[in-house]
Each structure stands twice: as C-alpha cells, then as structure tokens.
Amino acid sequence: MRVFKDVNLANYHTFGVSVQSAWFAEVSRLTDLLTLLRSGVHPTLVLGEGSNVLFTRDFPGLVIKNAMSGKSLMPDPTDPHRVVVEVASGENWHAFVRWTLEQNLGGLENLSLIPGTTGAAPVQNIGAYGVELADVLQELEVLELHTGKLLRLKAADCGFGYRTSRFKGEWKDQFLITRLFFALSSQQHQLHTAYGDIESHLGGIPPEQRTPQQVSEAVMAIRRSKLPDPAQLGNAGSFFKNPETDRDTRDALLKKYPDLVSFPLRENRFKVPAAWLLDKAGWKGKSIGRVACHTSQPLVIVNTGGASGLEILDFAVTVAADIREKFGFRLEPEVNIFPPGAWPEGD
Ligand code: EPU
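Numbering of residues begins from 1 in every chain and follows the order in which that chain's sequence is written. Note on the predicted model: pLDDT of at least 70 is required for a residue's local features to be given, and 80 or more for side-chain atom pairs to be given and counted; whole-chain, interface and lining totals, by contrast, use all residues. No hydrogens and no water enter the side-chain calculation; it runs on all heavy atoms of the structure.

Here we look at the sheet that holds strand β3 (residues 44-47)
The sheet built from four strands is open, its strands ordered β1-β2-β5-β3 with mixed pairing. With one partner strand each, in any of the chains shown, β1 (3-8) and β3 form the two edges of the open sheet. Strand-to-strand twist of the sheet, defined as the mean angle between neighbouring strand axes without regard to direction, takes the value 35°. Pairing between two strands is assigned when DSSP locates at least 2 bridges connecting them. Only runs of H or I of at least four residues qualify as helices and only runs of E of at least two qualify as strands under DSSP, and these elements are numbered from the N terminus. Of the strand pairs in this sheet, strand β2 (residues 20-27) and strand β5 (residues 59-66) are connected by six bridges, and their pairing is parallel. Note on β5: the bridge partner recorded for F24 is V63. Whenever a helix is involved, its axis is fitted only over the stretch in contact; in every case the axis is a line through C-alpha atoms, and angles between N-to-C directions fall within 0 to 180 degrees.

Let's talk about unusual backbone geometry
The residue after H42, namely P43, is reached through a cis peptide bond having omega -10°. In this structure, P43 sits in the loop between α1 (30-37) and β3. At the junction of F338 and P339, the peptide bond is cis and its omega measures out at 0° in the coordinates. One non-glycine residue with positive phi stands out, namely N104, at about 60°. Within the secondary structure, N104 is located in the loop between α2 (93-102) and β8 (127-128). Not every positive phi belongs to a glycine, and Q188 is a case in point at roughly 50°.

Nothing here speaks to function; it is geometry throughout.
In structure tokens form, the structure reads like this:
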C-alpha cells in the first residue's frame, strides 16, 4: 500500500471538481485500512467512488479510497427459494447488481445503474423505481472505528428511511461498512414494475414470463434516457431530496397549480417531486456560469465544465432559495457536502 501526498481528487468523485487532498491512499485489504486509520492523520475520509459527494474546498487530511473486493453466495438455510449473497464494500454497485442477475437472482434489478460502491449504498439507503436497498439488505459487517473491531449489524437496526440511515445520523463517522449481506430470490421472483415507465418498457411481455434481467434492462434504458453519465457531465445524481408535505399544503398548492404532481405517503403526508418544482420554476436546463440543472432531469445539478465546488454550492443555494420563495418548500441536499456545515441551515 502506498500513501500519496497532495493528490488532485478530480478523478475520484463524479462531480469532477478539482480539489486537493493532503494525503491519499487506495486500500484493498482490511489490515491496510486499519493501519491507516490508526496512523493518527486527521481528518480521514473513506471514499467509495465519490458519486454522492460535493467538495467545496481542499481536503486537509487523508482520503482513503475503498477498493476492497470479493463476492460470494450461499443457500439461505431458512428459505429454499432464496440465497444469501455477500459482497465486499469496495465493489462497484452496478457490476455487483449485474453479477447477481447473471446468477439468475432477483431483488436488485430495480437498482441497476446506480453509480457508486456497494459500501456507500446503505449510508443513504439508495433507491430507485419503487425499491430501496433496505428492502433486500439483511445484514452488514462494519468496522467500529474507535475500537478497530468488526461487528455484524442487522439491517432492521440501521434506521433506514427515505435516503437516510443511522450511518448519516447518530452513527456518523463511527463505523466503516466492510461487507453487505443480501437475501435474494433464486426462484419465484417478486418483480416491481409499477413505478414510472417500467411497464411501458416491458411492453408486450406477459407478467408471468418477466424476469429480473428484463426489469434491469428496462431500468437501464430509462436511466440512460434521463440521467446524465457522470463520465461525460459531472454530477452526483439527484442533488436534493424530494420534499414531504401535509394534505392542506398540498391542496392549497394544487389550487394554484392544477398540474402539481404529488404522491401519497403515509396518512395525510405527500411527496412532491423536487424535479416538478424545479421544472415549474424554470430551472430545467438553466445554467449560471459553469453549473446547470440538467435538461431532462432538473433534479440533477451538472458541472458543465471546470466548475469549482463553491460554484456548484452557490448554484444549489440559489436554486433552493428560489424554490422556497416560489412554493414555500425547503429543499434539502441529498448529496454529502464537504465540509460539513457548508450548506446554509435555517432561514
Ligand atoms: N418531473 C417533472 N419534470 C421533469 C422530471 C420529472 O415534472 O423534468 C416530475 C414528474 O412528474 C415525475 C416526478 O417528477 O413523475 C418524479 O421524477 P422521477 O421519476 O425522475 O424521480 P425523482 O423523484 O425525480 C427519484 C430519485 C432518483 C431515482 C428516481 C427513480 C430522489 C431524490 N431521487 O427521482 O434517484 O433514480 O426517483 O426512482 O429520490 C438519486 O438519488 O441520485 C437518484 C437519481
């Protein structure tokens, strides 16, 4: 393992912003990771593929790129129709999803083509097209940073919610996720095809003949048609979370905007797509300098070439302030912004 000094992180995160890390190392073995974490360099940041982070300034400590690899499967002793799949946290998420599909396993197909590593997936409970990681994750192995001990956690104890988990809250900086364990179906797959355009992509295939692979192909086609490829246009996926509101606020808005889109959540609560708010406010395809809201999915903020992290942050703050003024919603970033506290909280 080699540790490098003054490394430009532009190629290690998907916004492609040029920022320096004082120290940088790539680790493929847990023992190397432990050695680095005990080296006393502060702060440290473990990065997967950097697909959900915005650096607004240089990183003064050690960035560790997680490259731990390996995956395997075993029968589930409790259920003959399921298998337990284990994956190391440095594996690429989409390559892992495709590998499970090659083994004819079902459960992850709706989460195809999400950028990033498997280890980053639980932190924000990745989700797409009606399925969230929490629906299929069973257990996690984590490294407890202050003791150096490996622990097993049940998925049910991780506080998974919409784009959140305890890893983002009270467990922040306490654990490093090292391995994930999924329960996937080997037969009698439960396919989720109700969301968005999946049905229309599956076209004439009768429901009983559909396979997880076909759902994955549909999801990939939809994502490729809407979402920019970070390799071509720097971005970190949806920049904001979709806001929630109550029935009265939703109804009042509906009077003003009869074309308002909203989805019922639990009792009297509704999700309003941030993409709709941005579209309505005229942000779709709009740029300020080298930063823009994407032309086909305005929720994705893109670096159109050479933008700094601060320019992207300023753009996002301007957009959020405009949405607050026009509709009263406070948009919260879904992307992790470095340094913590860079996003203005409150009024
Ligand atoms: N919409 C518009 N104008 C647009 C685009 C969308 O009005 O230009 C409205 C439409 O009414 C559409 C609604 O927004 O029905 C929702 O759009 P979409 O289905 O694209 O989903 P989203 O809520 O914007 C979420 C996730 C995505 C995920 C998709 C599909 C969040 C913050 N984002 O986006 O996840 O891929 O659903 O499941 O929940 C990510 O987290 O980085 C991400 C890309």
